[in-house]
Every structure is written in structure tokens, then in C-alpha cells.
There are 2 protein chains.
Amino acid sequence: MVNAGTMNGSGNLMDFLDEPFPDVGTYEDFHTIDWLREKSRDTDRHRKITNKSKESIWEFIKSLLDAWSGWVVMLLIGLLAGTLAGVIDLAVDWMTDLKEGVCLSAFWYSHEQCCWTSNETTFEDRDKCPQWQKWSELLVNQSEGASAYILNYFLYILWALLFAFLAVSLVRVFAPYACGSGIPEIKTILSGFIIRGYLGKWTLLIKTVTLVLVVSSGLSLGKEGPLVHVACCCGNFFSSLFSKYSKNEGKRREVLSAAAAAGVSVAFGAPIGGVLFSLEEVSYYFPLKTLWRSFFAALVAAFTLRSINPFGNSRLVLFYVEYHTPWYMAELFPFILLGVFGGLWGTLFIRCNIAWCRRRKTTKLGKYPVLEVIVVTAITAIIAYPNPYTRRSTSELISELFNDCGALESSQLCDYINDPNMTRPVDDIPDRPAGIGVYMAMWQLALALVFKIIITIFTFGMKIPSGLFIPSMAVGAIAGRIVGIGVEQLAYHHHDWIIFRNWCRPGADCVTPGLYAMVGAAACLGGVTRMTVSLVVIMFELTGGLEYIVPLMAAAVTSKWVADAFGKEGIYEAHIHLNGYPFLDVKDEFTHRTLATDVMRPRRGEPPLSVLTQDSMTVEDVETLIKETDYNGFPVVVSKDSERLIGFAQRRELILAIKNARQRQDGVVSNSIVYFTEEPPEVPANSPYPLKLRRILNLSPFTVTDHTPMETVVDIFRKLGLRQCLVTHSGRLLGIITKKDVLRHMAQMANQDPESIMFN
Amino acid sequence: MVNAGTMNGSGNLMDFLDEPFPDVGTYEDFHTIDWLREKSRDTDRHRKITNKSKESIWEFIKSLLDAWSGWVVMLLIGLLAGTLAGVIDLAVDWMTDLKEGVCLSAFWYSHEQCCWTSNETTFEDRDKCPQWQKWSELLVNQSEGASAYILNYFLYILWALLFAFLAVSLVRVFAPYACGSGIPEIKTILSGFIIRGYLGKWTLLIKTVTLVLVVSSGLSLGKEGPLVHVACCCGNFFSSLFSKYSKNEGKRREVLSAAAAAGVSVAFGAPIGGVLFSLEEVSYYFPLKTLWRSFFAALVAAFTLRSINPFGNSRLVLFYVEYHTPWYMAELFPFILLGVFGGLWGTLFIRCNIAWCRRRKTTKLGKYPVLEVIVVTAITAIIAYPNPYTRRSTSELISELFNDCGALESSQLCDYINDPNMTRPVDDIPDRPAGIGVYMAMWQLALALVFKIIITIFTFGMKIPSGLFIPSMAVGAIAGRIVGIGVEQLAYHHHDWIIFRNWCRPGADCVTPGLYAMVGAAACLGGVTRMTVSLVVIMFELTGGLEYIVPLMAAAVTSKWVADAFGKEGIYEAHIHLNGYPFLDVKDEFTHRTLATDVMRPRRGEPPLSVLTQDSMTVEDVETLIKETDYNGFPVVVSKDSERLIGFAQRRELILAIKNARQRQDGVVSNSIVYFTEEPPEVPANSPYPLKLRRILNLSPFTVTDHTPMETVVDIFRKLGLRQCLVTHSGRLLGIITKKDVLRHMAQMANQDPESIMFN
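Residues numbered from 1 in each chain as written. Chains lettered and ligands numbered in written order. Predicted model: local features only at pLDDT ≥ 70, side-chain atom pairs only at ≥ 80, totals over all residues. Heavy atoms only, no water.

Visitor: I would appreciate a short explanation of the relation of the copies chain A and chain B in the present structure.
Guide: Copy one and copy two of the chain differ by a rotation about a common axis and a shift along it. Under the fitted operation, chain A is carried onto chain B by 0.0 Å of movement along the axis and a turn of 180 degrees, and the coordinates agree to an RMSD of 0.1 Å. What the rotation and shift describe, once combined, is the action of a two-fold rotation axis. Of the C-alpha atoms belonging to chain A, the one lying closest to the rotation axis is found on Gly731(A), 1.9 Å away. A high fraction, 100%, of the interface residues of chain A reappear at the interface in chain B, so the copies pair face to face through one surface. (Least-squares fit on C-alpha atoms with pLDDT ≥ 70 in both. Contact = heavy atoms within 4.5 Å.)

Visitor: Looking at this structure, I do not really get the domain arrangement of chain A. What am I missing?
Guide: One frequently used descriptor of interface size is the decrease in accessible area upon assembly of the parts. By the assigned domains, chain A splits into domain 1 (33-62), domain 2 (337-362 + 396-404 + 425-579) and domain 3 (596-756). Taken over C-alpha atoms, the centre of domain 1 of chain A sits 50 Å from the centre of domain 2 of chain A. (Domains from an automatic or database assignment.)

Visitor: Teacher, can you tell me more about the nonpolar core here?
Guide: Looking at soluble globular proteins, one finds that nonpolar side chains tend to be buried together. In this structure, Phe402(A), Ile737(A), Phe402(B) and Ile737(B) are the most contacted members of the largest nonpolar core, which totals 382 residues. Ile737(A) has contacts with Ala596(A), Val599(A), Met600(A), Met710(A), Val713(A), Phe717(A), Gln724(A), Cys725(A), Val727(A) and Val742(A), leaving out every residue within four places of it along the chain. (Core = buried A, V, L, I, M, F, W, Y, C linked by side-chain atoms within 4.5 Å. Buried < 20%, exposed > 50% of the residue type's maximum accessible area, 1.4 Å probe, protein only.)

Visitor: Is there a simple way to explain the sheet that holds strand 9 (residues 697-698) of chain B in this structure?
Guide: In sheet architecture, strand pairing relies on hydrogen bonds along the backbone and comes in two forms, parallel and antiparallel. Residue and element names in this part refer to chain B. Judged by pairing direction, the sheet is mixed, and its four strands sit side by side in the order 3-5-6-9 without closing on themselves. Each end of this open sheet is capped by a strand with a single partner; those strands are strand 3 (612-613) and strand 9. Across two bridges, the pairing between strand 6 (residues 645-650) and strand 9 is antiparallel. Bridge pairing links Ala649 to Leu697 in strand 9. Relative to the sheet, helix 27 (residues 651-664) contacts strand 3, strand 5 (633-637) and strand 6, its axis offset from that of strand 6 by approximately 75 degrees. (Pairing = 2+ DSSP bridges. Helix = DSSP H or I, 4+ residues; strand = E, 2+ residues; numbered from the N terminus. Axes fitted to C-alpha atoms, helices over the stretch in contact; angles between N-to-C directions.)

Visitor: So what exactly am I meant to see when it comes to the interface of chain A and chain B here?
Guide: Each side of the interface is counted separately: chain A has 69 residues, and chain B has 69 residues. For the chain A and chain B pair, buried surface summed over both sides reaches about 6100 Å², with 71% attributable to carbon and sulfur atoms. Here Glu711(A) ties to Arg47(B) by a salt bridge, and the two come within 3.9 Å at their closest N and O atoms. Along the contact surface separating chain A from chain B lie eleven residue pairs in polar contact (both at pLDDT 80 or more). Element by element, the count of residues in the side of chain A that touches chain B is highest for helix 13 (residues 288-308) of chain A, at nine residues. When the residues that make up the side of chain A that touches chain B are grouped by side-chain class, the tally is 36 nonpolar, 16 polar and 17 charged. (Buried area = accessible area lost by both parts, 1.4 Å probe. Salt bridge = Lys/Arg side-chain N within 4 Å of Asp/Glu carboxyl O. Polar contact = N/O pair within 3.5 Å; in protein donor to acceptor, adjacent residues only side chain to side chain. Nonpolar A, V, L, I, M, F, W, Y, C, P; charged D, E, K, R; others polar.)

Visitor: Sorry, what's going on with the confidence of the model for chain A here?
Guide: Low pLDDT means the predicted atomic positions in that stretch should not be read closely. All names here are of chain A. Residues at a pLDDT of 70 or more form 91% of chain A, whose mean pLDDT is 85. Every residue in residues 1-24 scores below 50 in pLDDT, and together they form 26 contacts with partners more than four places removed in sequence or on other chains. Ignoring residues within four places in sequence, the model shows residues 120-124, a span with pLDDT below 50, making six contacts including any to other chains. (pLDDT = per-residue confidence, 0-100.)

Visitor: Quick question: what am I supposed to make of the state of the cysteines here?
Guide: Two cysteines whose sulfur atoms are joined by a covalent bond form what is called a disulfide. Residue and element names in this part refer to chain A. Taken as a whole and judged by the stated rule, the model has two disulfides over all chains. With its sulfur 2.0 Å from that of its partner, Cys103 forms a disulfide with Cys114. Judged by the sign of its S-S torsion, about 80 degrees, the bond between Cys103 and Cys114 is right-handed. Of the two residues, Cys103 sits in strand 1 (residues 101-103) while Cys114 sits in helix 4 (residues 111-116), which places them eleven residues apart along the sequence. Accessibility expressed as a relative area gives 2% for Cys103, which makes it buried. Residue Cys114 is classed as buried on the basis of its relative accessible area of 0%. The closest cysteine sulfur to the non-disulfide-bonded Cys179 is located on Cys357, 10 Å from its own sulfur. Since its relative accessible area comes to 17%, Cys179 is described here as buried. In this model Cys232 remains outside any disulfide bridge; the closest cysteine sulfur is found in Cys233, 7.3 Å from its own. (Disulfide = S-S within 2.5 Å.)

Visitor: What am I meant to see in the pattern of salt bridges here?
Guide: Between side chains of opposite charge, pairing is possible as soon as their charged atoms come close. Residues and elements named next belong to chain B. Within this structure, the stated rule accounts for 48 salt bridges over all chains. The residue Asp564 makes a salt bridge to Lys560 at a minimum N-O spacing of 3.6 Å. Within this pair, Asp564 and its partner Lys560 are both found in helix 23 (residues 549-566), separated by four residues, close to a single helical turn. For the pair shown, Asp564 and Lys560 are each scored as buried.

Visitor: Could you clarify how one ought to interpret a nonpolar patch on the surface in this entry?
Guide: Among the surface-exposed residues, Ile57(A), Trp58(A), Phe60(A), Ile61(A), Leu64(A), Leu65(A), Trp68(A), Val72(A) and Trp561(B) lie close enough to one another that they form a single nonpolar patch of about 930 Å² accessible area. Assignment of secondary structure puts Trp68(A) in helix 3 (residues 57-98). On the basis of relative accessibility, which here comes to 42%, the residue Trp68(A) falls in the partly exposed class. (Patch = residues over 30% accessible without salt bridge, like charges linked within 9 Å, V, L, I, M, F, W, Y side chains within 5 Å. Areas by Shrake-Rupley, 256 points an atom, 1.4 Å probe, with all protein chains shown as cover.)

Visitor: What am I meant to see in the UniProt feature "domain: CBS" (unreviewed entry) in chain A here?
Guide: Residues and elements named next belong to chain A. Under the UniProt annotation, "domain: CBS" (unreviewed entry) lies at residues 600-664 and 697-755. Taken end to end, residues 600-664 is 37% helix and 23% strand, and its first and last C-alpha atoms sit 39 Å apart. Regarding residues 697-755, the helix share stands at 37% and the strand share at 31%, and the terminal C-alpha atoms are separated by 32 Å. (UniProt positions renumbered as here; feature names shortened; annotations may be inferred.)

Visitor: Quick question: what am I supposed to make of the packing of helix 14 (residues 332-362) of chain B against helix 18 (residues 436-459) of chain B here?
Guide: Helix packing geometry: the angle between the two helix axes and the distance between the axes. Residue and element names in this part refer to chain B. Across the interface, helix 14 lies against helix 18 with an axial gap of 8 Å and an inter-helix angle of 40 degrees. What the angle tells us is that helix 14 and helix 18 run oblique. Between helix 14 and helix 18 lies a crossing whose hand is right-handed. Taking contact as the criterion, the partners of Trp345, Leu348, Phe349, Cys352, Asn353, Trp356 and Arg360 in helix 14 are, on helix 18, Ile453, Thr456, Ile457 and Phe458. Of the residues that constitute the contact of helix 14 with helix 18, the class distribution is eight nonpolar, two polar and one charged. (Parallel < 35°, antiparallel > 145°, perpendicular 65-115°, else oblique. Left-handed = near helix turned anticlockwise from the far one by under 90°.)

Visitor: Looking at this structure, I do not really get the sheet that holds strand 7 (residues 673-675) of chain B. What am I missing?
Guide: Residue and element names in this part refer to chain B. Here three strands make up an open sheet; going across it, the order is 4-7-8 and the pairing mixed. Every other strand in the sheet has two partners, leaving strand 4 (617-618) and strand 8 (691-692) as the edge strands with one partner each. Pairing of strand 4 with strand 7 involves two bridges; the strand directions are antiparallel. Paired with Met617 across the strands is Val674, a residue of strand 7.

Visitor: Please explain the environment of Glu569(B) as it appears in this structure.
Guide: With respect to the helices and strands, the residue Glu569(B) is situated in the loop between helix 23 and helix 24 (571-579). Each C-alpha atom of the pair Glu569(B) and Val619(B) lies 49 Å from the other, and the pair is 50 residues apart in sequence.

Visitor: Could you clarify how one ought to interpret the pairing of strand 12 (residues 732-738) of chain B in this entry?
Guide: A regular strand places its side chains so that they alternate between the two faces of the sheet. Residues and elements named next belong to chain B. Buried residues dominate strand 12, accounting for five of its seven residues. Bridge count for strand 11 (residues 724-729) against strand 12 is six bridges, and the pairing is antiparallel. Of the residues in strand 12, the one forming a bridge with His729 is Arg732. Between strand 11 and strand 12, which pair antiparallel in sequence order, lie two residues; one of them, Ser730, sits at a positive phi of approximately 35 degrees.

Pasting the structure below:
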């Protein structure tokens, strides 16, 4: 009877053990997830729901809700990301103008909004209206003169410093993860890495607020990259509301991929470009279902942004342009030159920025992030104010550079000498000689170019949110506009040269300097990020015409080739390497001739692999092994002699299982035998009750033979998203290869420091 | 001395054997390729070239040429695909008009070209000019009247029959693979299947010629799908010129993916849509490098087509439209209704078409393909001629249905009653009551809809080139236009109804029937093909505005959901299944709870797996095994007792190696021992010389354990593109799973006939 009772009791305890552990399935911070396992867990969940749904109508409705939750999450992400982007746009507009003056009728109006309601202004003076007062007018009642200028200058710097100080303090105190562009980390997270809190609610809040502050402070940075981070935080937030996504790290990453698409979609107003950006640049695992959902999220976000209408022009896109003249074959030459410039700029920027960031990491400099931000902001503000092209916000600058000089354009860049004999049609203005304003503008633009190039290198990587797209595009747009005006003037003054004769008659509108600016922007952005298709598609969505794809593509390809010649890494990959994240890039091709046996641990001469045996170790043995090593898991073999592989046990689950058993299962003591077989081994009558752990054993561990070429192993790790892989030789276990081993080996083969890979 | 000589000789022979066999690496017809192996072969090749390139400048230049050959192939594909598409367009134009009449000034002019040069016509009569004569005018000098009508009718049918007969005969005699749309087969080929000749030069030539013939014959089919096939043939042709692609089936498929993108690009004038189509619908393995190259090929193709300018309007796109009014929220309801219609049409079409094709395959019907084509052509021509909407070519019909009724539109569909009090602005024409012409058109369109629905089911799948895009779009466009005109008239006559009151004041232009036609076309195309993102992007490129993405997406999503509710398969997958191709769809999710042990062969009760042992079988044993079985390869184990896996030997390579050894290696006779170990086994002194075959042994065969869930196995097969996978249990070999086994198991689980999977 006692025996039967014990049996019964132990049976219950066994049943208890067969229930899933509450914590199993979550990963530790800075660890890599196992994609295959996450996927099979999701299939199990799905199967359960499908089976249950046949039981009752309520369960059926629940299963429908579960099936639709993906779309609901996308809708919510789109709505929130669009709203946040709109709010950020409005706030940046207002605060940027606050540095120069204030609206008397309503202080929360930006300069433009303030003067909308003004009815006395003509079109030419549309940004001068009595309600809008510069600080000097308001404080000392002077709008012109040296003292007014100095007062405005001083207050401009003061506001900039205030904004920057607030931003860096908020980031330091509340959310250290809110700094940077976030894209390198998001790429790493999407590839299956865990960084707790990186996409948390605090990061979302602080990043949104500080993004407004830093962009308004006039620093040379953009809001596009951080917007992707913000959108991913939204994605993480909403996916935590649905158990389908919150409990499965693999499914969660599908949502995050879509959120990244929504982020780019609102950053540029380019939903298709956003989806392709997520596909080409950010995502790791991108099934077709995600493609479609990303598209949905990107569209919802874009339309939410449009209904908020922050630019006041009902346009989706950030820089809407419309050109009236086609481009000519001969113009490909300057376009390709711009591509070369973009590639060189990309290389220069990446090298200098990484060198500076490494310096920041390794020297004392990194200890004073607030001071650094203050100093850079002060220098930026002091140098930027006198030059009208650096004083205004970077996106306004780009917008002006992209624009074609229409008949109504009042910008200095459009100060051409008009032929009085010629009537002025609205659209088609012929090439004209440049006026004094254009020459002035050229000098100022050249200075702005040098300034932007230098300051951006020091700005990107500081402890504040900072995006790269806008500064890169600005550099390219300035260079492009200068080249464009140059070509235009050359064509005007020398229209009898052979290269111009065919397509540029006097009185014709043959060169569009705005197009050169756009091509230059694409080239520089491409050089820095090495984006290709998504870049061209974003630019295509900005202009809405297929006409200009060839110039854009020529520049983007040239820029990529030139930059790749100096180094394969884009800025994001460079920062991933700098930070030592375990990121297995899909684009890197592994072409070395090493075998799995060269990479696996234990190496020759090292102590043998720590393994568990299926039926001969005691609880104490296992506990000692766990204590003495820090591996994430242990292979289980038939016996130490035969070394034939049975399965793999996770460290986490082993610890939990033994702890649970020790607490609740009576017979289990230190010298109980731990067995992983289906049937318990025959134990002598007086020995303690054995501990059955087959439940936590992964019976299908991934194995390769020792002769497998490493390129195949790398491919398998990449495509299946493995965390580790066991190495066998004719059925015997030889060793183990983890993702970190693979990354270290790749670094070594590329003559880099293998110790730069820091996380598991 | 003799001994040493033998050793030496055998050493040479060994060296000879160490050279690669000439044929190794090619696959047999109707077999599946091994992606991993192809990839590692390419890496080897690449490594060799890189190493050589350091030796001399000539080798360096050769390595550069090799690196650039990918781009050269893309350029060539783009140029040829664009040219062929242009030639096809021009030829179809001319031959379609030839059915009705002929141009007297130059017989090779189409109706439109003929009347371009005519200077006496007003805009309204632009298609009536003296140079163009209907057959009745030319032959009996009558242009009106019953006898002229009958003569024209008769000649129309005669031409159609002639074209169709020519087409089907050409296909039957010269290139049987030229029939159908080709997309199901291309999907299968891209997934790693070999169909020799499917993309050959004859297929290219005959498909191009017969495509012109069948489209001109007025059958209810389109040229879009076959154009993808034609472009892939171009891709195959050019890749055979470069050894990098011709000798590697994996690399060749990258080129073919890009070629498919170029095909869609020229079919619709939508390069981005083409790339996404290739990515979403056609391709299997689509690395980022291919994305970028596809985009390049698609652009080159599109620009080549534009410079040929077959539509005479300098437009890239097939159906260029421009709408002048936005859409309103309330219109989403009819758009979603159109989506439901599209989904139902898709389901109906797929079911009926597959049933009919199965009937054709299994009954006598399939034996008379020429007769079938003749009969269907005759029926089509007889019914189509009296109705003006079916008489013209389908793409013209779609173009007219998409168009907004502008001020200059002379079509019957735009016969609205004008308010004489209202001035006519060019763009913004208010909603007006429909005139008698519109009502007539509605009846004719309704008849055309029924006719198209029925005839398309019987047309698709005949032994002629036949695409589905255009007929599907036509069905949707007709339905959409009917609904659109209905909504428009409802809004005009009842503008005081609540739903119309907010956005449709009298005198406003609120409903655009052309937009409904476009939405309907997208819905029907989506229902048949289940394309999503690429469909919306293609449509977006046709209109060039983001404004209409929401209606299009609403319709496409609804259509997909409705159609998916009745069956997950799109028409291409359905045809793949019908033909029993071994295609492992990325979209199918395998959610059953089976394990590898349930799928592997040998099953329980079957004779054990045919294996080779590493050092105990004679040449004769191996030859007997090869003769008695038809497996593609054999696992090699340590011994029959231990069954520990050493590697895998391909049947093809075994046969070749033994044949070679028997011919050239003296000591090898029937009872020589075959050994796969590194060192030869110790053989008794008087036994024959052993045969060393380690060279052909794959030392890294892919293995899974018997407990691996089948969903993981399916995932591995899909992602790594395996051909077979060995199953082990604690180091012992248990069985083998081939791609065919996986597909059969999946069919079985989905309650389909596993025998429908026919190829290896």
C-alpha cells in the first residue's frame, strides 16, 4: 500500500513537473534567442488554439481574435507612430522658431503658423508679419542694427544650449538607451538579441521628448533614424498587450520589423520605401506575411501623419518636389561625379566617426557626456547663426535646395538676371545668368558644406538622440546644388560647346539645379548607409515620377561602389561592430576554407566538453557542473565512453527543474540519479528516488559533422537563427559551436580582434 | 621494383581520380538541386579566382570581369526583354487591326499609325481616315450595310482562326514548353527543380512568335505572364554565356529571379512592382544582391521599352490614368464590395479552371489540343465580334474602362447629358445624368462580363501561350465600371441622401467610375493570383499617386481574405499541384504535430535502408546495390552493426567513379574492396587492389534526430534548399527523408493524394 501510495504521489509530482515552468521561454538580458525554438513554440500555441476553437463558440471567437491580433497591432502601431511623428514635427517647428522670436497673438504658434492668419502680407513678404517678433524687437524694440543682431545671436545660442542641456540630462537620468539613432541596436535586436528596456516605455517617452529638443537646438542631426526607434518602441509596447507576441520573442520581432517600416514611412512620407528599408536594411527574418503587414502599418502611419498635416501642405512627403524639365544623357557625367563624392563622403564620415567614437569609449572624454553635448551645441550655434543656410533647420535647407526656381520663388538661390524681353511663363523658365544673390549663396553654401561635414562627424554618437539621414542628405544636397548651378551657368555661357549644343539651345530650360541637389543627397545618404533599392524608392516616392530614377540610380550605384572599395561596412554595421553586438550580417559572405572542427570548442588541448550523461549522474554532479561552468546548456550523451548524442538541456531549465524537484518532490536528494531516458534506470532498492528530466530535454538538437565547411555552418546559423550547434564525428559528440564562436571566427578571418564580440 | 612501380602507377591513378569528373555537378532532368552544395561550389570557384587574381595582371582583370559579369548579364537581359516586349506590342497592334482592315499607304501600319499621318481628321474622328480601309471597303467597296458587316464578321473569324491555328501548330511542332503562362513552372524551377529546355532558345523564339499570334487572335488571354517566361528565357540564354552562371544551378536561379522582375517590368511598365512581384510571388531564394540587380534589370528593360515607344505616348505604363478628384470615406463600401467580388471570382475561376484542366489531362479531350484551340477561338470570335467591348483588344478595353471621362472623351461610356448652363472646365467635370450611350454601354458591358468570365476558364491552360493578368483585370474592370457608374448615378439623383450629403453637392465631381474600374481590376487580379504588395505597387505605379493606395489596398485585402476563405491556393500554386511539381511553398505553414520518424523511410515493416559500409563492401556489392535500387544516393556507415553515419555518396558520382576505375585502374576488379576511409583497410596480401572512394563522399551530410518535429524539418528543407536529410537516433542512422517525402507528407496531412507529387 505504501509503495502504491508513493507511486501515486510521485505520479502526481511527475504530472506537476510535466506542466510548463512559469519562466521557461524567456531569455536573459544580452543573450541570443533561438529562432527555431520560438517558431515551434508558436506553432504549438497556434495548434492548441485551433483545437480548442472547435469546442465552443466562445473559443472560436477567441481564436478569430487571436488570428486578427496581428492586424490590430499593426493598426495601433500605425496610428501611434503617425501621431507621434506629427506631434514631433509640430513641436520641432515651434521650438526651432522660438530660438529666433515669438508669436505675439499666440505663443504656441510657429513663425509660419503665426503669419498664416496675417492678412496684410504680400506673397513675397509672407514670412514678415507684425504678430511675429524677433527677440530683439520684443525685448529692446529694435529689429535692425548691430546690437539687435548681437542680442538675437546671443539668445539663439542660449536657447540652443538650454534645449541641448535638457535633452542630454533627460537621457542620462531617465533613459540611457534613448541616445543615438537606435538603428544599429534595432538591427541587432531584430537578428535575435535581447536588450531589455531598449524598446521600453521610458525609452519611448524620453526619446520622443529629447528628439524634439535636440532637433530644435539646431545640432547637425536628423529625426529620421530616431523615429524608427520610436516606432519600434510603439511596436514593442503594443505587442506586449497581446500574449501571442509578448510571450514569443520570434513573433515579437515580426511586429518590430513592421514597426521599423512604419517609422521610415512617417519619417519621409514614403510607405513603400519604408517597407523596403525594413526589408533591405533593418530586418533579419522577414516572411511574406510580415511584408504585407509592414505595408499596412506603413500606410496607416503615413495617413495618420497626413491627417495631422504638420507641414501644412496636405502632402505626405517631407520634401515634395516637382521638376518641369527632363534630364539629358550628358548630365549623367555630373551625376556620377556626385556619386563619387557621396561615396568618398560616406567613407570619410564612417572612418572619422568610428575613430572619434572609439576615442570617446576608451579615453576620459566619455566621462563627460553632458559637457560634450554643451560644447558641440555651443560651437554649432556660434558658427551656424551668421550663415543663413546653416541657421535655418536642416530639413528646410534641404527642401530649399531641392526646389526648382519657379517664377514665384523669392529665395536668394533663385536670384537670376531676367531677360526683360522674355515673358515669364509659370512653369518653364529658361536658363538665365546668375545674379549677385546666387554668387553669394554659392559662397555661403560652400562654407555650410565644410561646416556640416566636420560637425556631423562629432555630433553623431553623442549621448542624445541623433539621426544621420538628414545631415547626410544636407551635405549631398549642398554639394549637388553647387554642382548644378555650376553646370547650369556653364551651359548658359557656353551653349555652343559640343556637349551642350545638342540639348541646350539659348532660351531653353535645360539644367535643373534642384535635381542635382536631390541626386547629391541620394549619393551621400547611400555612401553612409549603403542602402540601395530602398533609397531609390524613397527618392522616387518624394518626386512621384519614374523619370528621375536613372539619375538617382546612377548616383546611388556609383556611391555604393566607391564607398565599398574603401570598406564594406555601412555606418550601422560599423557601430554594431564598435559595440560588439553579436550580429550575423546577411550581407557578409564568408568565403574562407575552414571547417567546423576548426571553430568548435573544446579546441585541441582544452579540457573536454562538459556533458551530462543520460542515466549515470547524480543531482549533486549536475549541480556542480552548473556551478563550475557558465555555459547556456549542456549536451546529453549516452555515456562518457560512447559519447553518442541524445539531446541538449538548457542551463536555465536544468536549474529550475532541480530547484523545483528539491522543494516539492520528496525522494529527491543530492545523490538521486538524474535520468533523461524514457524509462527510469534500474536502481538498487535502497538508493534514493531518481529525478526524471526528460521533459526539459531538447531531443532534436542541431548537429553538423566536423567536416562541414564553415561557410555552410554560417549559412545555417543565419538562415535558421540558431543559438548553438553540436558537432559530431561519425555519431560521436565532439564539440559545440555557438553564435559567438561563429562571430569570433569571422572576425578572426577578417583580421579583426575576435575579442570585440562581447555578448552571447 | 615492381611493387614500387605499381605503387607509383596507382599513385598517379589516384591523382587522376582526385581530379573532378567532367559531368559531376550537373543534375538529371526533373530532379531537384541541392542549394547548399551549389552555394559551396560557387564559393570554391570564387576563392580560386581571388587567389589567382594576385598572380598576374591578366588574372586580376579576369577576376574583375567575373565580378562584373552579373551586372553585364542584367544589362543584356534588360535590353533584350525590353526589345522583345516592344516588338510584341507593335506586332500585336498591327495584327489585331489586320483582322478588321488594312492600311493602304503602308500595309505594316496599324490602324492608329495609319491615321497619324492623316491630316484631314478632326479629333473626334481621329480613327477614321481614308488610308485605313476595312476589308469590306477594300474587297467589295462597301463600308456600311448588312453584307459589309457579314463580310467583315466572317473575315474577322477567319483571321482569328488562322492566327490561333498557326500558334498551336508552332507550339506543338517546335516547342511544347511554350504553352501556358509559364509562371507555375518558373516558380518550380526557381525553387530548385530542373526542367531541361523549359527556358531554352527554341522556347524563347516560339513563345515570342506564338504570343503575338494568340493575342492578336482575340482569345481571352494576356501577354503578361508569358512575357515573364520570355524574359526568363532571355535570362537563361545570357547566363549560359558566362561560366559563373551556366555551371552553377544556384547562381543561374539568381539571374532568373531578376529576369522575372524584368518581365513584369515591361509587361506593365512598373519596375518597382516587377521587383516586388519577383520577390513576393515567383522567387524562392532572393538574396539582397539579387534585389538590387533585379531592380537594375527591371529599369533597363523599362527604359528600353520606352525608347521603342510602342504605345506612341512616351509613357512607360500600359494603362496610364490620371484622376482629378479624391475619393471619399463612404466609397470604401463599394470598394470593399468589389473586393468581395474579386475574391469570389478568384475562387470560382481557380476551381473551374482546375477542374477543366484535370478533365483535359485525364480524358480524351487532351488528345486534340489543336481542335480545342480552334473551337475555343471560333466561339470567342463569333461571340466577341458583335459586342464592341469584346471586339477590341482586352488591353484597350481595360484602358478605356480605367479612363476618367474628360471633356474631349468621345467614348460611348462618356455619353452624359450635359447641363447647357454650365461651362466646361477641362479637368473638373461635375457628375451628370447618364445619357442613352451610357445605358447601352452598361448592357454591353454586362454581357461582356459574363462572356469573359466563362471563356477565360476554358482558355487558360490550352496548349498556347496564355496569360491571366489581362483577362482577370478585364473582368474586374468591367464589374468596377458598372458599379462605379451605378454609384455615380445614385449620387447624382439622390444627393440629398445622408451618405451622399456630406461630400456630394450638386455640381460637384464626386464619383470617378474609372477609379472603380481600377479597384475592381486589382481585386480580381488579387483573387486569382493572391498577390498583395506587388499588386498594389504595380497599380500605384500605373497611377503614380499615393492617393489611391487605400482603396486599392482595401479591395486587395478583402479579395485575398474572401478567396483564402475558400482555399489557400492561388492559381499558380493550383497548377503546380495539378502538375505534381515538387514545390515547397514558403507560404504554406506546416502546423501538424508529426515527427521526422513518421516521415522517414524505411517505414516500419519495410526492408532496412540501403546503405554502404565504409570498408567492407566489394565493387560488385556496390554495383548490385546501384542496380537494384533507384535512389539518388546512399548513406555510408561505419558497419552494418554499428550504423554510425560517415557520409553520403551520390548515385551519379558512384557510377562514374566505378566506371572510371574499372576502365583505367588496373587492380580494380569485381571483388575489390570499396573503402571510404582516409587510410585503406588492411587487406590480405593476395586480395585485389582496393578502390578508394573517399573523394566522392560528402562528409557533411545533413542530419536531424528522429524526434525532430516535422515543422522544423520542413523549415530546414525550405530555408536551406536541401534535397535530402538523414535521420539519426543517438548517433545511429535510422532513415532518410527526401524533398519528395516531405511534400508527400504535407499532401497527406492536408488530406490530398500523396501520389500527386510526381517528381524527385
